[in-house]
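Close look at the chain arrangement
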Amino acid sequence: MVTNVEVLIIGAGPSGCVAAAHLINEGVNVKIIEKNKFPRFVIGESLLPRCMDHFEEVGLLEPLQKIGFEIKRGARFLKNDVVCNFDFSKKFTEGWDWTWQVPRADFDSVLVNEIIKKGADVQFEQEVIDVKINSNGKSVIDVKDKSGEVYTINANFIIDSSGYGRVLPRILGLDKPSELPKHSSIFTHVKDINRPEGEEGTLITFDVLDTNTWFWVIPFSNGNTSIGFVSTTEYIDSFKGNNTERLKEMLKLSKYYYNRFKDVEFSFEPKCIKNYSKSVSQIYGKGYALTGNSAEFLDPVFSSGVTFATESALAAAKLVVKEVNGETADWEKDYDSYIKEGVGVFSSYVKEWYTGNLQTLFFHRPENPEVKRQICAVLAGYVWDKTNPFVKKHNRAISTLAHMLNMMENEKANL
Ligand code: FAD
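Definitions and cut-offs
Residues numbered from 1 in each chain as written. Predicted model: local features only at pLDDT ≥ 70, side-chain atom pairs only at ≥ 80, totals over all residues. Heavy atoms only, no water. Helix = DSSP H or I, 4+ residues; strand = E, 2+ residues; numbered from the N terminus. Rg over C-alpha atoms; globule rule 2.2 N^0.38 Å. Buried < 20%, exposed > 50% of the residue type's maximum accessible area, 1.4 Å probe, protein only. Contact = heavy atoms within 4.5 Å. Areas by Shrake-Rupley, 256 points an atom, 1.4 Å probe, with all protein chains shown as cover. Domains from an automatic or database assignment. UniProt positions renumbered as here; feature names shortened; annotations may be inferred. Near = heavy atom within 4 Å. Polar contact = N/O pair within 3.5 Å; in protein donor to acceptor, adjacent residues only side chain to side chain. Nonpolar A, V, L, I, M, F, W, Y, C, P; charged D, E, K, R; others polar. Salt bridge = Lys/Arg side-chain N within 4 Å of Asp/Glu carboxyl O. Pairing = 2+ DSSP bridges. Axes fitted to C-alpha atoms, helices over the stretch in contact; angles between N-to-C directions. Parallel < 35°, antiparallel > 145°, perpendicular 65-115°, else oblique. Phe/Tyr/Trp six-rings, centres within 6.5 Å; stacked < 30°, edge-to-face > 60°. Lys NZ or Arg CZ within 6 Å of the ring centre and 35° of its normal. Core = buried A, V, L, I, M, F, W, Y, C linked by side-chain atoms within 4.5 Å.

As recorded in an unreviewed UniProt entry, the chain goes by the name NAD(P)/FAD-dependent oxidoreductase, listed as coming from Seonamhaeicola marinus.

Set out below in C-alpha cells:
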C-alpha cells in the first residue's frame, strides 16, 4: 500500500497539532502519524502565555477554553524564606497575561480531537520507522501499523514533531550534544488531598533547594497535582531504590511542601528522565523541518517547552504553505534564525539559572520592579521583543546585574 500526501507530520503533540491546524486552515493536504494511542501521558504541564497566541491563531483556543484547565497567571519561586512572585499582568511586553497548567493527556487529546474535526487524517498507534529524503526534497516514509505491517507514504514535505522520539535527528544523524549541563528529573502526579484552600492551593511553584536542585508543584483543576525534582544527573542518581522510594526521600528536601505531600499516594510510579537537554546540528533541510522537542529541548525551569513547540510548528507550517503555493520560503531567515533567536534567549536564562546569577536577581531584596517586569516578559515567552533590555542583552544583562548585587552585598557585609 502506498499513500501520497503533501505534508506528513510525525507526532500529534502540541507541535504536530498546531502545524496541522495551520496547514489545514490553508487548504494543505496533511497526514499525521502518531505512535501512541491518545490520551497518553507526557510531561510538560506548565504553559506560557505566548503559546495562547499560537492556539488562537490556528483556531485551537476555543475548544481548550471549554475544558476549565487551571488558570496560570504567573509563577512563584521560593528560596528558603524569600518568595519571588511573577505576575504576567505586570510584564514589560504586551501580550497574554495568563495561560494554563494542564494534565497533558487531557490537553493534548483536546488538540488532536479538534484537528480531526477540522479534517486531519491522524493515524494513531502507527510508528514512523524509516525515512528517505531524495535530493529533490520529496520523501519516502516507512510506517509500521498496529498489527506490525509496514506500509509506505510518499510526502512532498515532512514536519518532524516527534518530541523525544526524535525521528529525523536519529535517522539523518542530526543529534548534537546540548551545551547545557547534564540534568535529570524525577516526577509523578498525586491526588492532592492536603491542598490548601484558595490561591495557595492553585499556585504553580518552584521551590529552589540549591543552585542546581529545585522542586515543582503544578496543581491541576481536576484535584491532582504534578510534583517533580530537577537536579544534576549525579545528584538524582545518588538517591537509591525504585523511583517511588527515591521521590519519597527527595520530598524531605522541600521544607515548604513536605507536609502537604509526605503521605499522599502517587498516581503512578514516578518517571525519571535522565539528561533531558537535547540539541541538533540543523533544524531544517530540503524537504523537512524539525519542530518542538525533536529540534531542541533546553530545561524545564522556565516552562518553555510547549511554547517553543507551538512557536516552531507555526513558523514551519507558514513556510510550508508558501512553498505549496509556489512562493519562495526563506527558511534560513524565517525559521532557523528566528527560532534560534528565541532559543538563544531562553538558553541564556537557563545557563544563568544554574550559575546562580538569575537566582541572585530573583531573590535579592529589595526587588527592582522594572527589572522584574522585563524578566517577567521573558518568563511569559515573549522572547522576541528587542525593546526589552533583558531580551536584547540576554547574554550579559543577568550576569552584570548579579555581579553588582553580589558586590553590594559583600560591601554591606564588610561594613
Ligand atoms: P510531544 O508532546 O512529546 O509529542 C511528540 C509525539 O510524537 C508523541 O505523542 C509521540 O508518541 C510521537 N512520536 C514519537 N516517535 C514517533 C514515531 N516514530 N512515529 C510516530 N509518532 C511518534 N514544557 C513546558 O512547556 N512546560 C513544562 O512545565 C515542562 N516541563 C518539563 C519537565 C521535564 C522533566 C521535561 C523533560 C520536559 C518538560 N517540558 C515542559 C517540555 C515538554 O515536555 C516538551 O517540550 C513538549 O511536550 C514538546 O511537545 P512536542 O509536540 O514537541 O512533543
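Our focus in this paragraph is the overall build of the chain. If you tally the helices and strands in the chain, you get 15 helices and 19 strands. Radius of gyration (C-alpha) of the chain: 22 Å, near the 22 Å computed for a compact globule of 415 residues. With the principal axes as the frame, the chain shows a C-alpha extent of 75 × 45 × 40 Å. With 415 residues in all, the chain has 55% of them scored as buried. For the chain, the proportion of contacts with a sequence separation of at least 24, taken over those separated by at least 6, is 72%. With an accessible surface of roughly 17,800 Å², the chain has 49% of that area assigned to carbon and sulfur atoms.

Turning our eyes to something else, we now look at the domain arrangement of the chain. Partitioning the chain into domains gives domain 1 (2-71 + 99-177 + 278-343), domain 2 (183-273) and domain 3 (355-414). Spacing between the C-alpha centres of domain 2 and domain 3 amounts to 27 Å.

UniProt's feature table lists "domain: FAD-binding" (unreviewed entry) at residues 5-222, given in the numbering used throughout. The distance from the first to the last C-alpha atom of residues 5-222 is 39 Å, and the span holds 22% helix and 35% strand.

Next up on the list: the side chain of K31. Considering the arrangement of structural elements, one finds K31 in strand β2 (residues 30-33). We classify K31 as buried; its relative accessible area is 6%. Setting aside residues up to four positions removed in sequence, K31 forms contacts with T3, V5, V7, L8, I9, D121, Q123, Y151 and I153.

Inspection of the region around the ligand gives 39 residues, with E34, I43, S46, N293 and V306 positioned closest. A distance of 3.5 Å separates a nitrogen atom of the ligand from a polar backbone atom of I33. Out of a free accessible area of 1,000 Å², the ligand has 96% covered by protein chains. Going through the elements one at a time, α1 (14-25), β8 (127-133), β12 (183-191) and α10 (305-324) are the ones with two or more residues in the shell around the ligand. For the shell around the ligand, the element with the most residues is α10, which contributes 3 residues. Per-class residue counts for the shell around the ligand are 17 nonpolar, 16 polar and 6 charged. Residue assignment places the shell around the ligand across two domains, with domain 1 (2-71 + 99-177 + 278-343) and domain 2 (183-273) each supplying three or more.

Before going further, it helps to spend a moment on the pattern of salt bridges. Counted according to the given criterion, the structure contains 26 salt bridges. A salt bridge links D108 to R40, with the shortest nitrogen-to-oxygen separation between them at 2.9 Å. With D108 in helix α4 (residues 104-117) and R40 in the loop between β2 and α2 (50-58), this pair connects stretches of sequence that are 68 residues apart. A relative accessible area of 0% means that D108 is categorised as buried. Between R76 and E200 there is a salt bridge, with its nearest N and O atoms 2.9 Å apart. Here the residue R76 occupies a position in strand β4 (residues 74-79), and E200 occupies one in helix α6 (residues 199-202), the gap between them amounting to 124 residues.

Here we have 7 strands laid out as an open sheet, ordered β5-β4-β13-β14-β15-β12-β16, and mixed in their pairing. Single-partner strands in this sheet number two, and they are β5 (82-87) and β16 (271-273). Put simply, the sheet's adjacent strands are angled 15 degrees from each other on average, direction ignored. Sheet analysis places β12 next to strand β15 (residues 224-232), joined by 9 bridges and oriented antiparallel. Residue H183 lies in a different strand from β15, and its bridge partner there is T232. Packing of helix α8 (residues 243-251) onto the sheet brings it into contact with β12, β14 (214-219), β15 and β16, and relative to β12 it is tilted by some 90 degrees.

Our focus in this paragraph is the packing of α10 against helix α11 (residues 331-355). Where α10 contacts α11, the two axes come as close as 10 Å, and the packing angle between them is 175 degrees. When the axes of α10 and α11 are compared, the pair comes out roughly antiparallel. Mapping the contact onto sequence places F308, E311, S312, A315, A316, L319, V320 and E323 in α10 and W331, D334, Y335, Y338, I339 and V343 in α11. Looking at side-chain class alone, the contact of α10 with α11 contains 10 nonpolar, 1 polar and 3 charged residues.

Summed over the entire model, instances satisfying the criterion amount to 32 aromatic pairs. Where F38 meets F124, the ring centres are 5.4 Å apart and the plane angle is 50 degrees; that geometry is what we call tilted. With F38 in the loop between β2 and α2 and F124 in the loop between β7 (121-123) and β8, this pair connects stretches of sequence that are 86 residues apart. Summarising the aromatic geometry, the rings of Y235 and F239 are spaced 5.1 Å apart at their centres and angled 90 degrees between planes, so their arrangement reads as edge-to-face. Seen from the ring of F266, K248 lies directly overhead, with NZ or CZ sitting 4.5 Å from the centre. Just above the ring of F86 sits the side chain of K372; from NZ or CZ to the centre is 5.4 Å.

Core analysis: the biggest nonpolar cluster contains 119 residues, and F77, F302 and F362 have the highest contact counts within it. For F362, the contacting residues outside a window of four places in its chain are F77, C84, F86, F302, W353, E367, I375 and L379. In terms of nonpolar packing, the next biggest core, distinct from the first, is built from 16 residues, I186, F215, V217 and I227 among them.

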